[in-house]
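Residue-level structure breakdown
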Amino acid sequence: MKLDTIVNQPVIEAERFVLRPLRRSDEGLIEMQTADRELARMTPSIPHPVPPTATEALINRAQSSDRIEDVWAFDGSAAGQPEVMGIVGLTRIDEGQTEIAYWIGKAFRNTGLASEAVRALIAANPLISSTIFASVFQDNPASARVLTNCGFQYLGDAESFSVARDATVPTWTYSLKLD
């Protein structure tokens, strides 16, 4: 049995859930959520189908002491909701600069949970970022609305590879200055 690594990462309170570090016990719920083909297609890094060890590898990276990304689960268990409704992460890019990425399970889309998670993470600013960047696939306007609703400004078009699509996909890039 593998034990969880204690991660120096805060638990962040939101109105309807907490953002907390990933735990080994999250593996089944993450696998269930990421098995959704549409969810995988809207991310650059989630393959479809998800290979057997991919979720375990994600949790191992999230718990690593030399990680470059902090990852939180949207945990609604205190309100009678699942322990993993979505995931949000901040990747260190440069001094004071991070990139935010998130996904939300199919059952929780269009409920405002993604915007609530992004707002909570911005307010907590656990990595003391001065600028947060984000990019979304252009065929995912709901994710773009999350960013603009949270104060992000459009920077321009780019493209990113999607593992699930096995293709390069046009993206919109955003930034948020916190200074």
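Notes on the structure follow. (Residues numbered from 1 in each chain as written. Predicted model: local features only at pLDDT ≥ 70, side-chain atom pairs only at ≥ 80, totals over all residues. Heavy atoms only, no water.)

1. Some words on unusual backbone geometry
Peptide bonds are mostly trans, and most non-glycine residues show a negative phi. Filter applied, for reference: For the purposes of this entry, the term helix denotes a DSSP run of H or I that reaches at least four residues, the term strand denotes a run of E that reaches at least two, and both are numbered from the N terminus. With a 1.4 Å probe rolled over the protein chains alone, any residue whose accessible area is under 20% of its type maximum counts as buried; one over 50% counts as exposed, and the rest are partly exposed.
For the bond from H48 to P49, the omega torsion is -5 degrees, close enough to zero to count as cis. Residue placement: P49 occurs in the loop between helix 2 (37–41) and helix 3 (54–63). Backbone geometry at N110 places phi at a positive 60 degrees, although glycine is not the residue there. Take N110: it is sitting in the loop between strand 5 (97–104) and helix 4 (113–124). Of the residues examined, N110 reaches a relative accessible area of 75% and is grouped as exposed. A positive phi angle, near 40 degrees, is found at N125, a position not held by glycine. Along the polypeptide, N125 turns up in the loop between helix 4 and strand 6 (131–137).

2. Re helix 4
Selection criterion: What a helix is expected to span follows from its residue count: subtract one and scale by 1.5 Å.
For helix 4, built from 12 residues, the straight-helix expectation of 16 Å at 1.5 Å per residue is met to within 8% by its first-to-last C-alpha distance of 16 Å. For helix 4, the buried fraction is high: nine of the 12 residues fall into the buried class. By the burial criterion, the buried members of helix 4 are L113, A114, S115, E116, A117, V118, A120, L121 and I122. After helix 4 finishes, the residue N125 shows a positive phi value of roughly 40 degrees.

3. What about the pairing of strand 5?
When a strand is regular, its side chains alternate between the sheet's two faces. For clarity, the cut-off: Paired strands, as defined in this entry, are two strands with at least two bridges between them according to DSSP.
Sheet analysis places strand 4 (residues 86–94) next to strand 5, joined by eight bridges and oriented antiparallel. Paired with T91 across the strands is E99, a residue of strand 5. Where strand 4 folds back on strand 5, the antiparallel hairpin that results is connected by two residues, among which G96 adopts a positive phi of roughly 75 degrees. Two elements, strand 5 and strand 6, share three bridges in a ladder whose sense is parallel. Pairing of T98 across the sheet is with I132, part of strand 6.

4. Focus: helix 1 (residues 27–34)
Counting along an α-helix, one turn takes 3.6 residues, and residues three or four places apart therefore face a common direction. Formally: Here the arc refers to the set of directions running from the helix axis out to each C-beta atom. Here a residue-residue contact requires only that any non-hydrogen atoms of the pair lie within 4.5 Å.
Of all the residues in helix 1, the buried ones are I30, Q33 and T34. Down the axis of helix 1, the buried side of the element spans an arc of 90 degrees, and every buried residue falls inside it. Those residues of helix 1 that are buried lie in contact with helix 2, helix 3, strand 4 and strand 5.

5. Section: the sheet that holds strand 1 (residues 12–13)
For clarity, the threshold we go by: An axis is simply a line fitted to the C-alpha atoms; with a helix, the fit covers only the stretch in contact. Between two such axes, the angle follows the N-to-C directions and lies from 0 to 180 degrees.
Read from one edge to the other, the open sheet built from eight strands follows the order 1-2-3-4-5-6-8-7, with strand pairing classed as mixed. Among the strands making up the open sheet, the edge pair consists of strand 1 and strand 7 (153–162). Its contacts with the sheet place helix 4 against strand 1, strand 2 (18–21), strand 3 (69–75), strand 4, strand 5, strand 6 and strand 8 (167–177), and it is angled at close to 155 degrees to strand 5. Helix-sheet contacts for helix 5 (residues 141–149) involve strand 5, strand 6 and strand 8, and the interaxial angle to strand 8 is about 10 degrees.

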